Amino acid sequence: PQDEKALGKKNELTHYDYHRKAYGPAEKFGYTDFVKSFTCDKYDANEYVDLMLEAGAKLGGLGVVHHEGYLMWDSEVGRWNAGKTGPKRDLYGEFVEAAKAKGLKTCATFHHARSYDYALKSLRAKGKEDQLKAINDNKALDINKPEFEDFFFPADRYPVDKFAQEWHDKIAEVIDKYTPDMIWFDGVQIDKPNSPEHHVVDLLKRYYKKGVEKGQEVTICNNLPGGDKSGVTRFNFPEGAGLRCYENGRNMPPDNAGYWLWDRAISYPWSYIKDKEYNLTSEYHVRSLVDIVARGGVFFLSLTPKGSGEIPAEEKQICREIGAWLKVNG
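For clarity, every value in this text was computed on a predicted model and none was experimentally measured.

K.L.:
Can you break down the nonpolar core residue by residue, with the values?
P.N.:
In terms of nonpolar packing, the biggest core is built from 64 residues, with W73, Y92, F95 and F110 touching the most fellow members. Beyond its immediate stretch of four places on either side in the chain, F95 contacts Y43, A45, Y48, V49, M52, G60, G61, L62, L104 and T106. In terms of nonpolar packing, the next biggest core, distinct from the first, is built from 9 residues, Y246, M252, W260 and L289 among them.

If you want it as structure tokens, here you go:
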């Protein structure tokens, strides 16, 4: 959403109520309509790279696809992508070009294993049949229109094996087109049909082979998601594969030997919101950086740009202050 319409942190309305207030009912302005307003007209890949370098970063990248499934590169696999819709620009391609020109290693993060049935799966899991029926009976909603099935991937209409193949092919396309130095995953469970083991194995083999062909030392991140209700936590891939990653240190052993990665938002939530509170200061991040690096870790800091592609001024300042400290002490 544009800044003046964004849902502020202190807004007491639900997202549903706010959507109706700011944009109209979902029957008239659906989630797919946000693609048209996503112009990213202030996105400047060179500015992103320069800021990351000024912050002292050794690699940087974009979240190339988040849970809702929209692709930030020019794709021939999925039609909901920044090259063919919205900005009509290869946002990730521009970043990779700028990064390579300035000696910054590149990364890409993939969150779209969770895209399958993303809008409705929590209702299904909680057995809220009345709410599901109300949604499914409302044929004016985007999610019930056949032309948007490849946007929402509803479980009752979109075959999971078809989704899994497309999940694989999107990652393979990024590997083949851009060969980032590091790739990071969220939501992958190799025993689940939306990101099954045979597709995962093929992708890892493809990525390492491409790295060898191009003379790159590539890195796979192996993320440990939050525990389920039983408290069980499992890495995306078998432990021992790739670089172990812990979201903000969650579920990390106290004596964690070897290399590992700790990812965090520059301030929460993970996305931009109007009047965002930047309670995680540069001093806080520097102290974390010292602690993490001293114990063998990598600090992976996530910025939260606006829908225009602009990085908020507060985030630029935090990055510059971290960089100023590193110039003296790095």
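K.L.:
Just give me the short version of the pattern of salt bridges, but keep the residues and values in it.
P.N.:
Oppositely charged side chains can pair when the atoms bearing their charge come close. In this structure the tally under the stated criterion is 21 salt bridges. Its salt-bridge partner being R250, residue E247 comes within 3.5 Å of it at the nearest N-O pair. Assessed through its relative accessible area of 21%, E247 is described here as partly exposed. Residue classification places R250 among the partly exposed residues on the basis of a relative accessible area of 34%. Between E310 and K306 there is a salt bridge, and its shortest N-O distance comes to 4.0 Å. Connected through salt bridges with shared partners, the residues D117, R124, E149, D156 and R157 form a single ionic network.

K.L.:
Could you give an account of the sheet that holds strand β1 (residues 59-65), naming the residues involved and the relevant values?
P.N.:
If you trace the 7 strands from one edge of the open sheet to the other, you get β1-β2-β3-β4-β5-β6-β7, paired in parallel fashion. If you trace the sheet from one side to the other, it starts and ends with β1 and β7 (297-302), each paired once. Going across the sheet, the axis of each strand differs from the next one's by a mean of 25°, ignoring polarity. Across 6 bridges, β1 lies against strand β2 (residues 105-110) in parallel orientation.

K.L.:
Could you give an account of the packing of aromatic side chains, with specific residues and numbers?
P.N.:
We describe a pair of aromatic rings using the distance from one ring centre to the other and the angle between the two ring planes. Using the criterion set out here, one finds 20 aromatic pairs in the structure. A ring pair is formed by Y31 and F34, whose centres lie 5.7 Å apart and whose planes are at 70°; its orientation type is edge-to-face. For Y31, a relative accessible area of 43% puts it in the partly exposed group. An aromatic cluster is present here, built from Y23, F29, Y31, F34, W80, F148, F151 and F152 joined pairwise through their rings.

K.L.:
Help me get a handle on the pairing of strand β5 (residues 243-247), residues and values and all.
P.N.:
Across the 5 residues that make up β5, a large majority, 4, are buried. When strand β4 (residues 219-224) meets β5, the two strands line up parallel, connected through 4 bridges. Across the sheet, the residue bridging to N222 is R244, located in β5. Sheet analysis places β5 next to strand β6 (residues 260-265), joined by 4 bridges and oriented parallel. From the neighbouring strand, C245 faces β6, where its bridge partner is L261.

K.L.:
Tell me what's going on with the packing of helix α8 (residues 160-178) against helix α9 (residues 197-214), and back it up with residues and numbers.
P.N.:
What describes two packed helices is the angle between their axes and the distance between those same axes. With their axes 10 Å apart at the nearest point, α8 and α9 run at an angle of 5° to one another. Considering their axes alone, α8 and α9 lie roughly parallel with respect to each other. Across the interface between the two elements, A164, Q165, W167, H168, I171, A172, I175 and D176 of α8 pack against H199, V200, D202, L203, R206, Y207 and K210 of α9. Split by residue class, the contact of α8 with α9 holds 8 nonpolar, 3 polar and 4 charged.

K.L.:
With reference to specific residues and values, describe the pairing of strand β3 (residues 182-185).
P.N.:
Residues M182 and W184 line one face of β3 and the alternating positions I183 and F185 line the opposite face, and both faces are buried. Across 4 bridges, the pairing between β2 and β3 is parallel. Of the residues in β3, the one forming a bridge with T109 is W184. Where β3 meets β4, 2 bridges bridge the pair, whose relative direction is parallel. From the neighbouring strand, M182 faces β4, where its bridge partner is T219. In this region the chain leaves β3, passes through α9 and returns to the parallel neighbour β4; the handedness of that crossover is right-handed.

K.L.:
Talk me through unusual backbone geometry; I want residue IDs and the actual numbers.
P.N.:
Here the bond from Y268 into P269 is cis, since omega is 10°, no more than 30 degrees from zero. Along the chain, the position of P269 falls in the loop between β6 and α10 (282-294). For K88, which is not a glycine, the phi torsion comes out positive at approximately 55°. Looking at where K88 falls in the secondary structure, it is placed in the loop between β1 and α4 (91-101).

K.L.:
I'd like a rundown of the environment of S302, residues and numbers included.
P.N.:
Within the secondary structure, S302 sits in strand β7. Exposure remark for S302: the relative accessible area of 23% places this residue in the partly exposed category. Taking the C-alpha atoms as reference, S302 lies 9.1 Å from G63; in sequence the two are 239 residues apart. When sequence neighbours within four positions are dropped, the list of residues in contact with S302 reads R264, A265, I266 and W270.

K.L.:
So, the side chain of K276: which residues are in play, and what are the values?
P.N.:
By the secondary structure assignment, K276 is in the loop between β6 and α10. Buried charge without a partner: K276 forms no salt bridge, and the closest opposite charge is E315, 4.6 Å away. One polar contact links the side chain of K276 to the main-chain carbonyl oxygen of S267, over a distance of 2.8 Å.

Scoring rules and cut-offs
- Residues numbered from 1 in each chain as written.
- Predicted model: local features only at pLDDT ≥ 70, side-chain atom pairs only at ≥ 80, totals over all residues.
- Heavy atoms only, no water.
- Core = buried A, V, L, I, M, F, W, Y, C linked by side-chain atoms within 4.5 Å.
- Buried < 20%, exposed > 50% of the residue type's maximum accessible area, 1.4 Å probe, protein only.
- Contact = heavy atoms within 4.5 Å.
- Salt bridge = Lys/Arg side-chain N within 4 Å of Asp/Glu carboxyl O.
- Pairing = 2+ DSSP bridges.
- Helix = DSSP H or I, 4+ residues; strand = E, 2+ residues; numbered from the N terminus.
- Axes fitted to C-alpha atoms, helices over the stretch in contact; angles between N-to-C directions.
- Phe/Tyr/Trp six-rings, centres within 6.5 Å; stacked < 30°, edge-to-face > 60°.
- Parallel < 35°, antiparallel > 145°, perpendicular 65-115°, else oblique.
- Nonpolar A, V, L, I, M, F, W, Y, C, P; charged D, E, K, R; others polar.
- Right-handed = clockwise from strand over helix to strand, strands pointing away.
- Lys, Arg positive; Asp, Glu negative; His and termini not counted.
- Polar contact = N/O pair within 3.5 Å; in protein donor to acceptor, adjacent residues only side chain to side chain.

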